[in-house]
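Fold and contact review
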Amino acid sequence: MRRRCPSPMSAPSPASRRFPPGVDGVEAVVLSNPGPAGGDLRLLDVPVPEPGPGEVLIEVAFGGCNFADTMMWRGTYPHPKPFPLVAGLEMSGRIARPGPGVTGLKPGQRVAALTENAGCFARFALADAARVIPIPDAVGLDVAAAFPTQALTAWHMLHAVSPVRAGDVVLIHAIGGGVGLYLTQMAVAAGATVFGTVGSPGKQARAIGFGATAVIDRSGADFVTGIAALAGRPVDRLYDSTGATILDRSFGLMRRLGHVVSYGEAEGRPLPNLWQQLVLRSLTFSRFHLGHVDFGSPLWRLGADAVTGAVADGNLAVPIEARFAMGDAPAMYRRLESRSVSGKLLVEINATL
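If you look the protein up in an unreviewed UniProt entry, it shows as NADPH:quinone reductase from Paracoccus yeei.

Dropping the structure here:
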């Protein structure tokens with residue numbers, strides 16, 4: 001269900017304001033007028049939303065920052081949104097109140113959640129019950145806000161879209177970023193040999209520490225000749241979030257019948273010659289977006305349980321780089337855009353939950 005953020009200039013009528021007991025209105029990071037220079041992003045008081053059928057109201061502890069948030073801010077997000085809106089696509093916290101028809105989720109329960117229509121960077125936020133992930137006590141709520149989007153994106157690409165096998169040679173562009181680090185850990189655990197590239201110096205170390213065989217800094221070396229020499233044979237699977245010329249130059253590294261999975265376009269959309277590149281080696285090309293997974297399916301639950309269990313057991317590391325106050329959201333977005341981040345950025349909303 002899509003809900004526009006109420007305008008701060010016009011409060012809703014008392015009859016429409018149904019809040020939890022003792023709560024009259026709450027702080028939220030509100031985005032309006034997105035554009036190339038960054039939209040109007042400020043801290044405002046908004047009404048607490050009412051959970052509808054199949055939804056839950058969550059009291060939020062932390063919000064997780066993703067590149068999709070910066071794309072909304074810049075007006076480049078490929079999935080249209082109504083503005084103004086409360087920012088944020090990922091959060092952790094406790095169930096405040098389940099909506100009608102929701103079972104299995106109780107008030108006070110510790111959870112993480114994803115939302116397709118934003119709203120997470122607020123004291124209270126809504127989520128579809130199917131997108132809510134129960135969090136065991138062994139996992140802190142800061143960690144709970146840091147892994148779902150990126151780790152589940154990696155899990156589905158590696159286990160559903162293009163299943164990795166022991167002995168595969170895997171190339172991961174932007175390996176030092178959030179999704180890249182989870183891809184690295186999961187691919188290594190599956191028995192693959194992992195190579196990667198980064199766009200700036202200093203981001204190689206964490207990926208190497210997570211098991212990557214070698215990482216090339218594209219700003220200082222030609223990654224095509226470098227990966228070819230290091231791997232010694234063609235690449236089986238490429239996981240790419242860069243697009244444009246980086247993706248275009250990568251096709252020559254692929255084996256015949258290899259698989260390329262695209263999940264972002266940091267440099268730009270794939271070049272118009274995509275078809276010609278694919279037919280040269282009978283490659284398979286997939287474009288993945290986590291929001292297109294059926295959140296009510298056994299596959300979704302399998303992935304959520306596998307990832308949460310691995311985090312709780314200590315088998316999947318969750319790197320957190322920095323926390324930001326709600327009022328510092330623009331600085332957080334710029335930090336993420338700097339490409340110097342090798343871990344998760346969090347919005348601290350109520351760390352005492």
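**Focus: the packing of helix 3 (residues 148-161) against helix 9 (residues 298-313)**
The geometry of helix 3 relative to helix 9 is characterised by a closest axis approach of 10 Å and an angle of 120 degrees between their N-to-C directions. Taken together, the axes of helix 3 and helix 9 lie oblique to each other. As helix 3 runs across helix 9, the sense of the crossing is right-handed. Of the residues in helix 9, those in contact with Ala151, Leu152, Trp155, His156 and Ala160 of helix 3 are Leu299, Trp300, Leu302, Gly303, Ala304, Ala306 and Val307. Partitioning the contact of helix 3 with helix 9 into residue classes produces 10 nonpolar, two polar and no charged.

**Side note on the pairing of strand 1 (residues 26-32)**
Buried residues dominate strand 1, accounting for six of its seven residues. Bridge count between strand 1 and strand 2 (residues 40-46): seven bridges; the pairing is antiparallel. Within strand 2, the position partnered with Val26 by the bridge is Val46.

**Considering the domain arrangement of the protein**
Many structure descriptions define interface size as the accessible area lost when the parts assemble. One can read the domain layout of the protein as domain 1 (25-146 + 319-348) and domain 2 (150-292). Inter-centroid distance (C-alpha atoms) of domain 1 to domain 2 is 28 Å. Contacts between the two partners involve 15 residues from domain 1 and, on the opposite side, 15 residues from domain 2. Here domain 1 and domain 2 share an interface that buries about 1100 Å² over both sides, 47% of which is from carbon and sulfur atoms. Taken as a group, Pro319, Arg339 and Ser342 account for 43% of the area that domain 1 buries against domain 2, more than any other trio of residues on that side. Taken together, the links from domain 1 to domain 2 amount to zero salt bridges. Here domain 1 is connected to domain 2 by six residue pairs in polar contact (both at pLDDT 80 or more). When its residues are assigned to classes, the side of domain 1 that touches domain 2 shows six nonpolar, five polar and four charged.

**Concerning helix 9**
Here helix 9 is 16 residues long and its end C-alpha atoms lie 22 Å apart, about the 22 Å a rise of 1.5 Å per residue gives. For helix 9, every residue scored as buried is listed here: Trp300, Gly303, Ala304, Val307, Thr308 and Val311. The arc that holds the buried residues of helix 9, viewed along the axis, is 115 degrees, so those residues lie on one side. Away from the buried face of helix 9 by more than 90 degrees, exposed residues Pro298, Leu302 and Asp313 are located. Residues of helix 9 that are buried in the fold lie against strand 6 (110-114), strand 8 (132-134), helix 2 (141-146), helix 3 and helix 4 (178-189). Following helix 9 by one or two positions, Gly314 has its phi on the positive side, about 85 degrees.

**What about the pattern of salt bridges?**
Following the criterion strictly, the structure yields 17 salt bridges and no others. Salt-bridge contacts for Arg237 lead to Asp168; the nearest nitrogen and oxygen are separated by 2.8 Å. With Arg237 in strand 12 (residues 235-240) and Asp168 in the loop between helix 3 and strand 9 (169-173), this residue pair connects regions lying 69 residues apart in the sequence. Owing to a relative accessible area of 8%, Asp168 belongs among the buried residues under this scheme.

**Considerations on the environment of Leu257**
Topologically, Leu257 is positioned in strand 13 (residues 254-262). Judged by relative accessible area, which is 60%, Leu257 ranks as exposed. Along the backbone, Leu257 and Asp236 are 21 residues apart, and their C-alpha atoms lie at a distance of 8.2 Å. Not counting residues within four places of it along the chain, the set of residues in contact with Leu257 comprises Arg281, Ser282 and Leu283.

Calculation criteria
Residues numbered from 1 in each chain as written. Predicted model: local features only at pLDDT ≥ 70, side-chain atom pairs only at ≥ 80, totals over all residues. Heavy atoms only, no water. Axes fitted to C-alpha atoms, helices over the stretch in contact; angles between N-to-C directions. Helix = DSSP H or I, 4+ residues; strand = E, 2+ residues; numbered from the N terminus. Parallel < 35°, antiparallel > 145°, perpendicular 65-115°, else oblique. Left-handed = near helix turned anticlockwise from the far one by under 90°. Contact = heavy atoms within 4.5 Å. Nonpolar A, V, L, I, M, F, W, Y, C, P; charged D, E, K, R; others polar. Buried < 20%, exposed > 50% of the residue type's maximum accessible area, 1.4 Å probe, protein only. Pairing = 2+ DSSP bridges. Domains from an automatic or database assignment. Buried area = accessible area lost by both parts, 1.4 Å probe. Salt bridge = Lys/Arg side-chain N within 4 Å of Asp/Glu carboxyl O. Polar contact = N/O pair within 3.5 Å; in protein donor to acceptor, adjacent residues only side chain to side chain. Expected span 1.5 Å × (residues − 1). Arc of directions from axis to C-beta.

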